[in-house]
Amino acid sequence: MRRAAVVGLIMLFALGGCGGRQPEQSSTGARRLRFAVIPKSLDIPVFNYAKVGAERKAKSLGDVDILWNAPTSPDQLKQKEILESYITQRVDGIAISSLNGDFLTDTIDRAVAAGIPVVTWDSDAPRSKRLAFYGVDDFASGRIMGEQAIRLLDGKGKVAIITSVGASNLQRRLDGVKDALAKATGIQVVEVFDIKEDSVRCAEIMATGTRRYPDLAAWLSVGGWPVFTRNATASVDPSKTKVISFDTIQPALDLLREGKVTVLLGQKYFGWGSETVQLLYDIKHGKNPASPIVDSGVDVVTKDNVDEYAATWKKMEAGS
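The sections below set out a description of the structure shown in this document. (Residues numbered from 1 in each chain as written. Predicted model: local features only at pLDDT ≥ 70, side-chain atom pairs only at ≥ 80, totals over all residues. Heavy atoms only, no water.)

Now for the overall build of the protein. Of regular secondary structure, the protein possesses 10 helices and 12 strands. For the C-alpha atoms alone, the extent of the protein along its principal axes is close to 90 × 40 × 35 Å. Taking all 320 residues of the protein together, 48% fall into the buried category. A fraction of 71% describes how many contacts in the protein between residues 6 or more apart in sequence connect residues 24 or more apart. Here the protein displays about 14,900 Å² of accessible surface, and carbon together with sulfur accounts for 52% of that area. Each charge class in the protein can be summarised by its mean position, and for the 41 positive and 38 negative side chains these summaries are 3 Å apart. (Helix = DSSP H or I, 4+ residues; strand = E, 2+ residues; numbered from the N terminus. Buried < 20%, exposed > 50% of the residue type's maximum accessible area, 1.4 Å probe, protein only. Contact = heavy atoms within 4.5 Å. Areas by Shrake-Rupley, 256 points an atom, 1.4 Å probe, with all protein chains shown as cover. Lys, Arg positive; Asp, Glu negative; His and termini not counted. Charge placed at Lys NZ, Arg CZ, Asp CG, Glu CD.)

Below, the structure written as structure tokens:
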């Protein structure tokens with residue numbers, strides 16, 4: 001009797017204990033898929049829309065659960081630890097926005113070697129074995145930003161740039177900006193500021209730069225830090241200095257309408273979640289992406305089209 005009980009326990013552990021928590025089954029009895037979606041951090045507001053997009057897509061697919069986690073604030077070591085934890089849990093797929101693609105490359109490769117497909121979004125890890133990247137063409141988007149500055153400044157004036165060193169997507173945008181501006185010999189880049197992915201510091205950086213360069217013609221930001229809050233641009237006189245920034249989530253559109261920002265470059269925020277979940281789902285069902293780079297395109301928003309853009313945004317928020 002005792003031996004039978006021991007054998008029963010061994011069988012129980014073999015079936016359920018070794019791999020951690022077993023995936024739940026759907027109402028039809030089929031195993032549900034668990035996809036981990038990892039943004040750069042939880043305190044960057046644009047990523048909230050990626051979460052909405054991922055959860056909507058999972059609901060429409062019917063047999064997918066979304067595991068959403070990231071560092072509370074940008075921390076590449078903690079993001080790597082979260083990625084490693086999902087490998088240990090043997091999730092069915094991972095979609096990640098890389099704080100530092102090179103730093104994550106070995107861990108992403110280990111996930112792929114373990115049979116877990118990985119796709120990146122927003123910020124790529126191009127040297128890794130990830131199966132696909134979804135997001136804007138960062139170099140081309142940076143060039144668009146630079147071209148907008150040339151147009152607004154009539155090809156002359158001093159500009160300062162805000163970036164965050166380490167993220168491959170932001171570096172590519174910065175490269176694109178510089179490539180475009182190099183064609184306008186009358187434009188001088190006076191300084192590139194590293195915000196370290198800390199939007200709270202943006203008001204301080206812009207105030208410092210405005211004092212240091214009183215004749216500054218434009219601020220160019222390859223991330224949305226100047227428009228994540230209402231006060232970041234408070235030190236900038238819009239009659240003297242233009243502000244061109246990535247990202248279109250509120251209060252960005254209001255700042256544009258008020259003239260505090262001149263041009264915004266919008267990304268496919270909901271698609272960061274929905275499109276990457278669909279990519280993982282297709283991969284799990286034997287359909288690999290046609291191309292490892294899925295270019296989402298970029299939206300250029302000005303006073304001329306801001307109301308039309310806002311109407312489209314409301315439809316996306318409503319899920320229609």
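Now for the nonpolar core. Counting 74 residues, the largest nonpolar core has Ile66, Trp219 and Leu220 as its most contacted members. The dominant element in this core, judged by the number of residues it contributes, is helix 9 (residues 269-284), at 8 residues. If we ignore the near neighbours within four places in the chain, the residues touching Trp219 are Ala160, Ile162, Phe193, Ile205, Met206, Gly209, Thr210, Val236, Thr241, Lys242, Val243 and Ile244. Grouped together as the second largest cluster of nonpolar side chains are 16 residues, Leu83, Ile87, Ile94 and Ala111 included. (Core = buried A, V, L, I, M, F, W, Y, C linked by side-chain atoms within 4.5 Å.)

Turning next to helix 10 (residues 306-318). Here helix 10 is 13 residues long and its end C-alpha atoms lie 18 Å apart, about the 18 Å a rise of 1.5 Å per residue gives. For helix 10, the full list of buried residues reads Val306, Tyr309, Ala310 and Trp313. Projected onto a plane normal to the axis of helix 10, the buried residues spread over an arc of 100° and lie on a single side. When the buried face of helix 10 is taken as reference, the exposed residues oriented beyond 90 degrees from it are Asp307, Glu308, Lys314, Lys315 and Ala318. Tucked into the core, helix 10 has its buried residues touching helix 2 (47-61), helix 8 (252-257), strand 10 (263-266), helix 9 and strand 12 (299-301). Backbone geometry just downstream of helix 10 places Gly319 in the positive-phi region, at approximately 80°. (Expected span 1.5 Å × (residues − 1). Arc of directions from axis to C-beta.)

Let us look at the side chain of Ser41. For Ser41, the location among the structural elements is in the loop between strand 1 (33-38) and helix 2. Note on Ser41: relative accessible area 1%, which makes it buried. Among all residues touching Ser41, those that are not within four sequence positions of it are Phe47, Ala70, Pro71, Thr72, Ser73 and Pro74.

Empty pockets left among the atoms are what a rolling probe the size of a water molecule brings to light. One pass over the full model with this rule turns up 1 cavity of 30 Å³ or more. Quantified by volume, the largest cavity comes out at close to 130 Å³. Every residue lining the largest cavity is counted, 17 residues in all, and those nearest its centre are Lys40, Val46, Glu197, Gly223 and Asp247. In terms of residue count, the dominant contributor to the lining of the largest cavity is helix 6 (residues 168-181) (3 residues). Taken together, the residues of the lining of the largest cavity break down into 8 nonpolar, 4 polar and 5 charged. (1 Å grid on protein atoms, 1.4 Å probe; cavity = no way out; pocket = protein on both sides within 12 Å on 5 of 7 lines; lining within 4 Å. Points joined across faces, edges and corners; volume = space filled by probe spheres on them. Nonpolar A, V, L, I, M, F, W, Y, C, P; charged D, E, K, R; others polar.)

With that out of the way, let us pick up the sheet that holds strand 10. Strand order in the open sheet formed by 6 strands is 7-6-8-9-10-12, with mixed pairing between adjacent strands. The outermost strands of the open sheet, each flanked by one partner alone, are strand 7 (186-194) and strand 12. In this sheet, adjacent strand axes meet at a mean angle of 15° when their direction is disregarded. Bridge count for strand 9 (residues 242-246) against strand 10 is 3 bridges, and the pairing is parallel. Across the sheet, the residue bridging to Ile244 is Val263, located in strand 10. (Pairing = 2+ DSSP bridges. Axes fitted to C-alpha atoms, helices over the stretch in contact; angles between N-to-C directions.)

For the rest of this paragraph, the subject is the sheet that holds strand 5 (residues 132-135). Across the sheet, which stays open at both edges, the 6 strands sit in the order 2-1-3-4-5-11 with parallel pairing between neighbours. Each edge of the sheet is formed by a strand with only one pairing partner; in this case those strands are strand 2 (64-68) and strand 11 (293-295). Across the sheet, the axes of successive neighbouring strands diverge by a mean angle of 20°, strand direction being ignored.

For the structure shown, the criterion picks out 10 aromatic pairs. Residues Tyr49 and Trp313 carry aromatic rings whose centres are separated by 5.0 Å and whose planes lie at 70° to one another, so their mutual orientation is edge-to-face. Of this pair, Tyr49 sits in helix 2 while Trp313 sits in helix 10, and the two are 264 residues apart along the sequence. Neither Tyr49 nor Trp313 differs from the other in exposure class; each is buried. (Phe/Tyr/Trp six-rings, centres within 6.5 Å; stacked < 30°, edge-to-face > 60°.)

One can find Ile150 in helix 5 (residues 138-153). Ile150 sits 165 residues away from Lys315 along the chain, and the two C-alpha atoms are 33 Å apart. Those residues in contact with Ile150, other than ones at most four positions away along the chain, are Gly155, Ala180, Leu181, Ala184 and Ile187.

The tally for this structure, following the rule as stated, stands at 21 salt bridges. In this structure, the salt-bridge partner of Arg257 is Asp254, at a minimum N-O distance of 3.2 Å. Pair noted here: Arg257 and Asp254 are both in helix 8, with a separation of 3 residues, about one helical turn. In this structure, a network of salt bridges that share partners links the residues Lys40, Asp122, Asp138, Arg173 and Glu197. (Salt bridge = Lys/Arg side-chain N within 4 Å of Asp/Glu carboxyl O.)

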